[in-house]
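# Observations on the three-dimensional arrangement
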Amino acid sequence: MNQELIPESGIAGRYISTSKDETGSLSGIGFHDAEHFNFAFDIVDEIAKSKPEKLAMLHISKVGKERRITFGDMMKYSNQTANYLSYLGIKRGDRVMLIVKRHYQFWFLILALHKIGAIAVPASFLLNRKDFEYRFKAGKISAVVASGDGGITDEIDKAARSYDQLKAKIIVNGQKPGWESYNRSVKYFSPIFERGEDAPGGDDPMLMFFTSGTTSYPKMASHSYKYPLGHYITARYWHGIKENGLHFTISDTGWGKALWGKLYGQWLCEAAVFTYDYADFYAKEILNMIEKYKIKTFCAPPTVYRFLVHVDLSHYDLSSLTNVTTAGEALNPEIYRRFLKATGLPIKEGFGQTETTLLIGTLEGTEPRPGSMGKPSPQYDVHVLKPDGSECRTDEIGEICVATSKAVPNGLFLGYFQDETKTKEVWHDGFYHTGDTAYMDKDGYLWYVGRVDDIIKSAGYRVGPFEIENEIMRLPYVLECAATSIPDALRGQAIKASIVLADGIEASEALKKEIMKYLRGSLASYKRPKTIEFVSALPKTSSGKVRRTEIKEKDWDKGTKS
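The rules behind the values
Residues numbered from 1 in each chain as written. Predicted model: local features only at pLDDT ≥ 70, side-chain atom pairs only at ≥ 80, totals over all residues. Heavy atoms only, no water. Buried < 20%, exposed > 50% of the residue type's maximum accessible area, 1.4 Å probe, protein only. Helix = DSSP H or I, 4+ residues; strand = E, 2+ residues; numbered from the N terminus. Contact = heavy atoms within 4.5 Å. Polar contact = N/O pair within 3.5 Å; in protein donor to acceptor, adjacent residues only side chain to side chain. Pairing = 2+ DSSP bridges.

Moving on to helix H4 (residues 129–139). Count 3.6 residues to each turn of an α-helix, and residues three or four apart come out pointing the same way. For H4, the set of buried residues is Phe-132, Glu-133, Arg-135, Phe-136 and Gly-139. For H4, the elements touching its buried residues are strand S6 (95–99), helix H5 (152–160), strand S11 (205–210) and strand S12 (220–224). The backbone nitrogen of Lys-130 has a side-chain oxygen 3.2 Å away, supplied by the residue at the start of H4, namely Asn-128.

Here's what the structure looks like:
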């Protein structure tokens, strides 16, 4: 029996309340007056008015300069930015692409766009001319704001030659002919920006993300002003954030994960975010930052943990950490075990998509199980369904789906921008279909299997790549691996393992035989790779997800030509 809804403390309590069961675990979430909710006005500015000196972000530049940015600063500079962008002709409904790395100006810019009603479109700094050409046209982009670092503006200029709809190009941390200089100009604008009676909020579009593009060209997932509310559970019950804590999520601002861990949920909890604007990733630098700044909660993709466990963690004081989490792809249990042994901290998995907030996670009150994503968030009505739409049995593999016939949860996307066909492909018959497969055990834990398109069908069996990869990752000399299908005359499909070896390990036929021998003792015969290939790197999206489909397409293309 659930307790009564418990109002959360602070500014967020006006909009969010939660309920817990008799064990103290979260069992429900409610929202109040969300129809006009605007995160920039209702959370950031309200905190700024009552606690202007409260720390919002500790920002460390790539040369080590520290900036302590308060909520009062966030209100002031986002107001100045809103006035500046309005002066440049950016208005409600315009789609503004932000390629600003981890520069602190990103936060002023995105809050300003929320206030104006223009739609923020975060994008990665790793994109090139062709990527921008596609995104400008697909997203009908109205303006672009980009970092002056690393040649991003050059690629945008090349793409703009075939796209004449940009009303403004704005450069941050630099100057360039044909570009407006944000740093030079914004300071001349008023720090007051009034919220009008018709201010954007609620179901109005606020944000668009390009999907990772693991299986096709990236789509544009559109979110409303209610999306930030969907991240309260992300921060409070998965990241484990408490008021006045300092949270560090590893992510470039071009990806949805940055808004999972560097903005919405953390500030709903009135905690500060830590941002390190590094140029290149070095595991030892990240560990130094955690030690030096006494980070309380930490979130990173599995790739980062794979690097961290190859460092001698005993050389670092990580005692400030109280909770660590991961999402973005499945975490191999071996990495979980190594990190737990070195730090005493279990890595709590979570699962969500560009189209959602946290769908499944090891939330507060849930015991972590290595390899499991955890349990469904009480915010979403999660089901595991067969291809015919019926419910899977315990331990039966099916697609992760969200029921929406009774209500659409805050955090679920509005649809794909101007693409009704693709929206209906994933959202039909009262369910949003994630395209990811898993099975649920008898205790309600979900175990990831792979993308629907990643499932390998060999000799009549359906095999998920993750189970094979888990076993291979147990080998201490393996850094990364991917299991995919290859054509096989007898079985239709066979299994191939692409393996990246750790530094200092040499590829050889003898090593392949050693791995095959190990797998004979740990995997059923139908799950064993027929082929092993040592590679220097796995193909990945710019967000770091392994593109198994790229490996598979090359192998199947070879197979059809041979």
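Here we take up the pairing of strand S14 (residues 272–276). Most of S14 is tucked away: five of the five residues are buried. In S14, alternate side chains face the same way, and those of Ala-272, Phe-274 and Tyr-276 on one face and Val-273 and Thr-275 on the other are all buried. Pairing of strand S4 (residues 55–60) with S14, which is carried by four bridges, proceeds in the parallel orientation. Paired with His-59 across the two strands is Thr-275, which belongs to S14.

Moving on to unusual backbone geometry. Glycine aside, the phi torsion of most residues is negative, and most peptide linkages are trans. The phi dihedral of Asp-395 falls on the positive side, at around 70°, and the residue is not glycine. By the element assignment, Asp-395 lies in the loop between strand S20 (382–385) and strand S21 (398–403). In the Ramachandran plot, Gln-418 falls in the positive-phi region, its phi being about 50° despite a non-glycine side chain. Overall, the relative accessible area of 60% leaves Gln-418 in the exposed class.

Tracing the backbone through its elements, the reader meets Ser-142 in the loop between H4 and strand S8 (143–147). In this structure, Ser-142 is in contact with Asp-94, Arg-95, Gln-165, Leu-166, Lys-167 and Ala-168, ignoring residues within four places of it in sequence.

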